[in-house]
Amino acid sequence: MSEATSEAGSEGMPEAMRGAGSAAVSEAESGPGPGAAPAPAPAPAPADTSARRDTPEALRQEARERDAADPLAPLRARFLLDGAGPAAGPDRDGSGTGGGTVYLDGNSLGALPLSVPGRLARVVEHEWGRLRIRGWTEAGWWEAPERIGERIAPLVGAGRGQVVVGDSTSVNVFKAVVGAVRIARAESAGRTEILVDAATFPTDGYIARSAARLTGCTVRPVAPAEVPAEAGPSTAAVLLGHVDYRTGELHDLPGITAAVRAAGALTVWDLCHSAGALPVELDAHGVDFAVGCTYKFLNGGPGSPAFLYVRRALQPRFDSPLPGWNSHTDPFAMDPEYEAADGAARGRVGTPDILAMAALEEALTVWDGVDPAAVRAKSLALTDFFLRCVAVHVPDGEADGGGRRVTVRSLTPAEHARRGSQIALLCAPQEAAEEVMEALIARGVVGDFRRPGVLRFGFTPLYTAFADAERAARTLGEVTR
Ligand SMILES: *Cc1c(COP(=O)(O)O)cnc(C)c1O
């Protein structure tokens, strides 16, 4: 496995994997995506694309043309990517990728933005080395959690003063779920149930069950699509992933949020696989709480601090279960009585990890001036194109004369409105998937493997090229033969 721990797969086929889109067909477009409004214009593409028949050579040519026309292509040069990339010089295999590594695991750990090492060196040598304790005031260390939160806010559709950075996603899930339940139960003691995405990333489910024990609630797993029918007068809070980490399915954030609110309960959305991958509109849709990590599509580095969003109108009622001194209204008064700070700072706990925050803050500068709609358009174009390449290079058993050792089927919905920024391919036989991914990685195509039998390919629009998608599918065709 390419990254060991961040998303250890759980056992069994989750609910959401059944009935998700199948077959490597693409170009299906279904208008505005529920979690991704407004609908972006399609990425610039050669006008005669649809008239062409997909052949290996035509796809290679199309990748070159699309990369040349891609308005986000220059951003790739701001990341460290093993010399890969269309502009990387001699092209050893004619793929247009320069023959380096094709990195399709940015949905687990984003690549390194090139300006981060210099920033970290300056923070260590000057701020820590020379300023020492004065760094808290003179280098802006104390305000870093709120300041960096303001950089993330526009990427998740949040106005000022609602996002704070710190701790891990798991810890923020705990703050948000307990916080949401406390608010709901203060209004109605009969709300004793927490609904949790049945296919959730495991940590969210573990934390929700502990939050339930602490607050006298029970947890009930539900498929996200069933939430509008299942949320009712006994529901306190609903914890859902915006994009399913395994299948890449994008859930209907506006519709589900509205239904939960109508039922009198609060929403907690986990944005780990959508923040930085597609436009998210927290304020516009009235989301109550949201959390997300910053080391995936936001490229903040291994273990970079997560973020917590608390809707402004709820902040005065947010009773954090981890009221550390950093969330006190006057931390340096060293008051034995706790009085919660106003605003986003109420979500803080203890002393912020300044080195990790500095790396994250620097990494976020690559987003300056980037249009989220362009990111979404390129993400959809990349995943569509990858599916077409897979259909050509890894045809199903029949088209292939039945001779292929391993075949694949996409678990990611074909409809744009239900698709995040990754493609999940289920292998047949499933037991072959781990070995297939190892063979891909050995040939310089890095995705990852999730039980049972799923190959995941993440598409990070800031630095993934169409030539990467083409080479990944072509290499997949070679290793499954
Ligand atoms: C990656 C991920 C996490 C990670 O949680 P950490 O506390 O950062 O380890 C949590 N939830 C989801 C949905 C994820 O994809």
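Just so we're clear, the structure is a prediction, and the values are computed from it rather than from any experiment. (Residues numbered from 1 in each chain as written. Predicted model: local features only at pLDDT ≥ 70, side-chain atom pairs only at ≥ 80, totals over all residues.)

Engineer: So what exactly am I meant to see when it comes to the overall build of the protein chain here?
Structural biologist: When you go through the protein chain residue by residue, the secondary structure sums to 13 helices and 15 strands. Within the protein chain, the fraction of its 481 residues that count as buried is 52%. For the protein chain, the proportion of contacts with a sequence separation of at least 24, taken over those separated by at least 6, is 74%. (Helix = DSSP H or I, 4+ residues; strand = E, 2+ residues; numbered from the N terminus. Buried ≥ 20, exposed ≤ 12 C-beta atoms within 10 Å, placed from the backbone. Contact = placed C-beta atoms within 7 Å.)

Engineer: Got a minute to help me understand unusual backbone geometry in this structure?
Structural biologist: Glycine aside, a negative phi is what most residues show, and trans is what most peptide bonds show. Proline 429 follows alanine 428 through a cis peptide bond whose omega is -5 degrees. For proline 429, the location among the structural elements is in the loop between strand S12 (422–428) and helix H12 (433–442). The amide bond that connects arginine 451 to the next residue, proline 452, takes the cis arrangement and shows omega of -5 degrees. Locating proline 452 in the fold gives a position in the loop between strand S14 (448–450) and strand S15 (454–458). Positive phi values are uncommon outside glycine, yet aspartate 167 reaches one of about 60 degrees. Note that aspartate 167 resides in the loop between strand S4 (163–165) and helix H5 (169–187). Unusually for a residue other than glycine, asparagine 299 sits at a positive phi of about 60 degrees. Among the secondary structure elements, asparagine 299 is positioned in the loop between strand S9 (289–292) and strand S10 (307–310). By C-beta crowding, asparagine 299 is classed as buried, having 28 other C-beta atoms within 10 Å.

Engineer: Quick question: what am I supposed to make of H12 here?
Structural biologist: Residues spaced three or four apart along an α-helix face the same direction, because each turn holds 3.6 residues. All of the buried residues along H12 are Ala433, Val436, Met437 and Leu440. With its buried residues spanning 95 degrees around the axis, H12 presents them on a single face. On its buried face, H12 sits against S12, strand S13 (445–446), S14, S15 and helix H13 (466–479). Backbone geometry just after H12 places glycine 444 at a positive phi near 85 degrees. (Arc of directions from axis to C-beta.)

Engineer: Explain the site of the ligand here, please?
Structural biologist: In the vicinity of the ligand lie 15 residues, with Ser168, Thr169, Ser170, Phe201 and Cys272 positioned nearest. Among the secondary structure elements, those contributing two or more residues to the shell around the ligand are H5 and helix H6 (202–215). Considering only residue class, the shell around the ligand consists of five nonpolar, seven polar and three charged. (Near = placed C-beta within 6 Å. Nonpolar A, V, L, I, M, F, W, Y, C, P; charged D, E, K, R; others polar.)

Engineer: How should I be thinking about the sheet that holds S12 in this particular structure?
Structural biologist: Two orientations exist for strands paired in a sheet by backbone hydrogen bonds: parallel and antiparallel. Read from one edge to the other, the open sheet built from four strands follows the order S11-S12-S15-S14, with strand pairing classed as antiparallel. At either margin of the open sheet sits one strand with a lone partner, and together these are strand S11 (407–410) and S14. Taking the axes of each pair of neighbouring strands and ignoring which way they run, one obtains an average angle of 35 degrees across the sheet. Pairing analysis gives four bridges linking S11 to S12, with the strands arranged antiparallel. Residue pairing across strands places valine 408 opposite cysteine 427, the latter belonging to S12. (Pairing = 2+ DSSP bridges. Axes fitted to C-alpha atoms, helices over the stretch in contact; angles between N-to-C directions.)

Engineer: What am I meant to see in the pairing of strand S8 (residues 266–270) here?
Structural biologist: Where a strand is regular, its side chains alternate between the two sheet faces. For S8, the buried fraction is high: five of the five residues fall into the buried class. Residues Leu266, Val268 and Asp270 point to one face of S8 and Thr267 and Trp269 to the other, with burial holding for every one of them. Direction of pairing for strand S7 (residues 235–241) relative to S8: parallel, over a ladder of five bridges. By the bridge assignment, leucine 239 is partnered in S8 with valine 268. Between S7 and its parallel partner S8, the chain crosses via helix H8 (residues 253–262), and the hand of that crossover is right-handed. Sheet analysis places S8 next to S9, joined by three bridges and oriented parallel. Bridging from a neighbouring strand, valine 268 pairs with phenylalanine 289 of S9. (Right-handed = clockwise from strand over helix to strand, strands pointing away.)

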